[in-house]
Amino acid sequence: MNNKDQDLIYSKPQANVADFRFDAQVVEVFPDMIKRSVPGYNTIIDTIGQLSKRYAVEKTNIYDLGCSLGAASLAMRRSITAQDCKIIAIDNSDAMVERCKIHVNAFKADTPCVVKQGDILQEDMQNASMVVLNFTLQFIAPQMRQQLINKIYKSLVPGGIFILSEKIYDADPTCKDLLNDLHHDFKRANGYSELEIAQKRTAIENVMRPDHLSTHIERLHQAGFSHATPWFQCFNFFSLVAIK
Ligand code: GEK
């Protein structure tokens, strides 16, 4: 890897660690950051692609909400076989959207992918056979989460699929500490120092607010989903599918 692609953002001591932002500096190193920080990220992206082959329906929309650099959109675009689908990838970070457009335009495919700058709480969504919220809900204000999940449910056609991936925390303090420690070991094994781990934790704690797994499941049921199951968990990171 090129040194410039490597996440070194928190490698030097910072007098005041500012709240984490998805800005140009993060965009530069984002693929490295997410792979070294989120256990199972590649498996989740590959599985989103696999699910799109099965669930994308002709003449429907596929939404990638909080798309970052478009990894999920690209995986789906490679796998979708249904005709006349459209992928709509949305992110509210200008820096992410600009880079995402470059990534998406670098590949030719039958399924069009529109990359939009916008707040997923404000964007209209309709006629969806698939909605992906891959590690984005944790950055949405907790009081707005139910409203967003309700909107996703309403946008789906019957049989449509929703994929939700998140960091979670365990209600039992002993289990919570164990999962946190295992995650920190994972980051150490991927080359992050104690300083990087500690400074990143400070930067992210006001910005990213994870829920319990049970809160996610309750929210999905409240929105109207009758089928929902986690399909992946590694330490305190999980992904689930819900079907309308
Ligand atoms: C991936 N899904 O690689 N509206 C739109 N975008 C938002 C909002 C909002 N209100 N809030 C945050 N974001 C990606 C990874 S990263 C997860 C998702 C992470 C965006 C934010 O700008 C960022 O790009 C993304 O959500 C979260 O599969 O870095 O841990």
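This text follows the structure it describes.
These notes cover the structure that comes with them. (Residues numbered from 1 in each chain as written. Predicted model: local features only at pLDDT ≥ 70, side-chain atom pairs only at ≥ 80, totals over all residues. Heavy atoms only, no water.)

**Regarding the site of the ligand**
Using the following cut-off: Proximity is defined per residue: if any heavy atom of the residue lies within 4 Å of a molecule or strand, that residue is considered near it. The term polar contact refers here to a pair of N or O atoms within 3.5 Å; inside protein, the definition further demands a hydrogen-donor-capable atom paired with an acceptor-capable atom, and it admits residues adjacent in sequence only when both atoms are side-chain atoms. Per-residue and other accessible areas were derived by the Shrake-Rupley procedure at a 1.4 Å probe size, with only the shown protein chains allowed to occlude residues. Residues were grouped as follows: Ala, Val, Leu, Ile, Met, Phe, Trp, Tyr, Cys and Pro as nonpolar; Asp, Glu, Lys and Arg as charged; and all remaining residues, including Gly, as polar.
Taken together, 20 residues lie around the ligand, and Tyr41, Gly66, Ser68, Asp91 and Asn134 are the ones closest in. At 2.5 Å, a side-chain N or O of Tyr41 approaches an oxygen atom of the ligand. Interatomic distance of 2.9 Å between a side-chain N/O atom of Asp119 and a nitrogen atom of the ligand. The protein chains hide 93% of the 660 Å² of surface that the ligand would expose on its own. Taken together, the residues that form the shell around the ligand break down as ten nonpolar, eight polar and two charged.

**Considering the nonpolar core**
Quick note on the threshold: Put simply, a nonpolar core is a bunch of buried Ala, Val, Leu, Ile, Met, Phe, Trp, Tyr and Cys residues held in one set by side-chain atoms that sit within 4.5 Å of each other. Type-normalised accessible area, obtained with a 1.4 Å probe on protein chains alone, sets the label of each residue: buried when under 20%, exposed when over 50%, and partly exposed for intermediate values. Between two residues, a contact is recorded if the distance between any of their heavy atoms is within 4.5 Å.
Among the nonpolar cores identified, the biggest contains 48 residues, and Phe20, Ile48, Ile62, Met76, Met130 and Ile163 are the most heavily contacted of them. Dropping the residues within four chain positions of it, Ile163 is found in contact with Ile48, Leu51, Met130, Val131, Val132, Leu133, Ser239, Leu240 and Val241. In terms of nonpolar packing, the next biggest core, distinct from the first, is built from 25 residues, Ile120, Ile140, Phe225 and Ala242 among them.

**Let's talk about unusual backbone geometry**
Inclusion rule: Working definition: helices are DSSP H or I runs of at least four residues, strands are E runs of at least two. Numbering for both runs from the N terminus.
In this model, Asn127 sits at a positive phi of 50°, which is unusual for a non-glycine residue. Following the sequence through the fold, Asn127 ends up in the loop between β3 (113-117) and β4 (128-134).

**Side note on the environment of Lys116**
Here Lys116 lies in strand β3. When the C-alpha atoms of Lys116 and Ser93 are compared, they prove to be 10.0 Å apart, with 23 residues separating the residues in sequence. Among the polar contacts made by the side chain of Lys116, one reaches the side chain of Glu123 at a distance of 2.8 Å.

**Topic: the pairing of strand β1 (residues 61-65)**
Heads up, the condition is: Strand pairing is assigned whenever DSSP detects at least two bridges linking the two strands. For the handedness criterion, the strands are oriented away from the viewer, and a crossover whose path from the first strand over the helix to the second runs clockwise is classed as right-handed.
Summarising burial for β1: five of the five residues are buried, a large majority. Relative to strand β2 (residues 86-91), β1 runs parallel, the two sharing five bridges. Residue Asp64 lies in a different strand from β2, and its bridge partner there is Ala89. Crossover handedness for the path β1 to helix α3 (residues 71-79) to β2: right-handed. Where β1 lies against β4, four bridges are found, and the strand directions are parallel. Among the inter-strand pairings, Ile62 is bridged to a residue of β4, identified as Met130.

**Description of the packing of helix α1 (residues 24-37) against helix α4 (residues 94-105)**
Spelled out, the test is: To obtain an axis, a line is fitted to C-alpha atoms, over the contacting stretch when the element is a helix, and the angle between two such axes runs from 0 to 180 degrees between their N-to-C directions. Note that the term roughly parallel is reserved for angles under 35 degrees, roughly antiparallel for angles over 145, roughly perpendicular for angles of 65 to 115, and oblique for everything else. In this scheme the crossing of two helices becomes right-handed for a clockwise turn of the near helix relative to the far one and left-handed for an anticlockwise turn of less than a right angle.
Relative to each other, α1 and α4 sit at 45°, their axes nearing to 8 Å. Taken as axis vectors, α1 and α4 run oblique relative to one another. When you trace α1 past α4, the crossing you get is right-handed. Facing α1, whose interface residues are Ala24, Val26, Val27, Glu28 and Phe30, α4 presents Ala95, Met96 and Arg99. Of the residues in the contact of α1 with α4, the class split is six nonpolar, no polar and two charged.

**Structural notes on the packing of aromatic side chains**
Two descriptors summarise a pair of aromatic rings, namely the distance from one centre to the other and the angle between the planes of the rings. Rules: Aromatic pairing here means that ring centres of Phe, Tyr or Trp (its six-membered ring) are within 6.5 Å. Orientation follows from the plane angle: under 30 degrees is stacked, over 60 is edge-to-face, and everything else is tilted. A positively charged side chain is recorded as over a ring if its NZ (Lys) or CZ (Arg) lies within 6 Å of the ring centre. The angle to the ring normal must also be within 35 degrees.
A complete count under the given rule lists seven aromatic pairs for this structure. Geometrically, the ring pair formed by Tyr153 and Phe225 is edge-to-face, given 4.9 Å between the ring centres and 80° between the ring planes. Of this pair, Tyr153 sits in helix α5 (residues 145-155) while Phe225 sits in the loop between α8 (213-223) and β6 (227-234), and the two are 72 residues apart along the sequence. The residues Tyr153 and Phe225 share a single accessibility class, namely buried. Each residue in the set Phe22, Phe30 and Phe139 is aromatic and connected to the rest through ring pairs, giving one cluster. The aromatic ring of Tyr153 is capped on one face by Lys244, whose charged end is 4.4 Å from the ring centroid.

**Quick look at α8**
Heads up, the rule is: The directions from the helix axis to the C-beta atoms are what the arc is built from.
Buried within α8 are the following residues: His216, Arg219, Leu220 and Ala223. Seen from one end, α8 has its buried residues packed into an arc of 100°, which puts them on one side. The exposed residues of α8 that point more than 90 degrees off its buried face are Glu218 and Gln222. Packed against the buried residues of α8 are α5, β5 (156-167), β6 and β7 (237-243). Looking one or two residues beyond α8, the residue adopting positive phi is Gly224, at roughly 125°.

**With respect to the side chain of Asp211**
Summarising the element assignment, Asp211 is placed in the loop between α7 (194-204) and α8. Exposure remark for Asp211: the relative accessible area of 11% places this residue in the buried category. At a separation of 3.0 Å, a polar atom in the side chain of Asp211 contacts the side chain of Arg219.

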